Amino acid sequence: MCGRFVSTTTPQDLVSLLGELRWDPAETLAPSWNVAPTDPVPAVLERLDRDTGEVLRQLRPLRWGLVPSWSKDPSGGARMINARSETVDIKPAFRKAFTARRCVIPADGYYEWREVPATADRKKYKQPYFLSTGSVMLMAGLYEFWRDPTRPDDDPLAWLATTTVITTDATDSAGRVHDRMPLTIAPDDLSTWLSPGHTDPAELHHLLRRPADGALRVRAVPPTVNSVRNNGPELLDTAPDPLGLAD
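Residues numbered from 1 in each chain as written. Predicted model: local features only at pLDDT ≥ 70, side-chain atom pairs only at ≥ 80, totals over all residues. Heavy atoms only, no water.

Engineer: Now, about the overall build of the chain: what can you tell me, with residues and values included?
Structural biologist: What the chain contains, in helices and strands, is 5 helices and 13 strands. The C-alpha extent of the chain, read off along each of the three principal axes, is 65 × 40 × 35 Å. For the chain, buried positions account for 46% of its 247 residues. Taking all contacts inside the chain whose residues are at least 6 apart in sequence as the whole, residues at least 24 apart take part in 69%. For the chain, the exposed surface amounts to about 12300 Å²; the carbon and sulfur share of it is 51%. Here the chain contributes 29 positive and 33 negative side-chain charges, whose respective centroids are spaced 7 Å apart. (Helix = DSSP H or I, 4+ residues; strand = E, 2+ residues; numbered from the N terminus. Buried < 20%, exposed > 50% of the residue type's maximum accessible area, 1.4 Å probe, protein only. Contact = heavy atoms within 4.5 Å. Areas by Shrake-Rupley, 256 points an atom, 1.4 Å probe, with all protein chains shown as cover. Lys, Arg positive; Asp, Glu negative; His and termini not counted. Charge placed at Lys NZ, Arg CZ, Asp CG, Glu CD.)

Structural data, given as structure tokens:
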């Protein structure tokens, strides 16, 4: 599960990491320390420019929670924020995107929660943890376009672009906190992963990697992150760790 993450990397930072990248300044998203399902998220993808015939690497906002093109409405997208790597190439909701529409979603790290049992003087509660590599994580994702049949062709809201994060079994330090974790793409593999011309499932699966080989940095952070209404760098402050799971 990857249900909340931090995204503060600027387009300029991504150019330094990834090379040439196109984006619309009007679509640049503000930094977020509490990205939640259905929020717009920055995604790097490659699309064919119909005017020039050139495949361009782009940074564009996508709504988190994939809506397959065949969906009757977009309401189910919030339930599809993650795609399991074990079945991503066979599940009807994801298999077409896995072969044709792949992206990466830059993240500083992500949050997971563990329940702290109740005591005589305190109710049980969920303690949040922040997991990171110490650098930008290029989370492996898929994206789709959904056409709203109730809107005319010239309506800018007629098309909805959505995304999902690919996950796998968590290992090492990440596995102490939760049994699932996001997969990433190494910068050297990005061209192959993003290319619409690469469609072999076995080759694509080979590119998926656990960030830091699963040995992520783990920190307890304040429970204020539990509410999506809270958003600021203070959410990453180090907090007491009642379960002893932090590094």
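Engineer: With reference to specific residues and values, describe the nonpolar core.
Structural biologist: Counting residues in hydrophobic clusters, the biggest one holds 29 residues, and the most contacted among them are Phe-5, Ile-105, Tyr-110 and Met-139. Of all the elements in the fold, those that place two or more residues in this core are β4 (40–48), β5 (55–64), β7 (102–107), β9 (125–132), β10 (137–147), β11 (159–169), α3 (172–177) and β13 (217–220). A per-element tally of this core places β10 first, with 4 residues. (Core = buried A, V, L, I, M, F, W, Y, C linked by side-chain atoms within 4.5 Å.)

Engineer: Can you tell me about the sheet that holds β13, naming the residues and giving the values?
Structural biologist: Taken together, the 5 strands give an open sheet; going across it, the order is β3-β1-β8-β9-β13, and neighbouring strands pair in antiparallel fashion. Lying at the two open borders of the sheet, with one neighbouring strand each, are β3 (32–35) and β13. Each neighbouring strand pair of the sheet contributes to a mean axis angle of 30 degrees, computed without reference to strand direction. Of the strand pairs in this sheet, strand β8 (residues 109–116) and β9 are connected by 7 bridges, and their pairing is antiparallel. Along β9, the bridge assignment pairs Glu-112 with Tyr-129. (Pairing = 2+ DSSP bridges. Axes fitted to C-alpha atoms, helices over the stretch in contact; angles between N-to-C directions.)

Engineer: With reference to specific residues and values, describe the environment of Leu-14.
Structural biologist: Mapped onto the secondary structure, Leu-14 falls in helix α1 (residues 11–18). Judged by its relative accessible area of 2%, Leu-14 falls in the buried class. Residues Leu-14 and Val-136, 122 residues apart in the sequence, show an inter-C-alpha distance of 9.0 Å. If we skip the residues at most four places from it in the chain, Leu-14 touches Thr-9, Gly-19, Leu-21, Val-44, Leu-59 and Pro-106.

Engineer: Go over the pairing of β7, please, and point to the residues and values.
Structural biologist: Among the 6 residues in β7, 6 count as buried, and that is most of the element. Burial along β7 is two-sided: the face carrying Arg-102, Val-104 and Pro-106 and the face carrying Cys-103, Ile-105 and Ala-107 are both buried. Note that β7 and β10 share 6 bridges and pair antiparallel. Of the residues in β10, the one forming a bridge with Ala-107 is Met-137.

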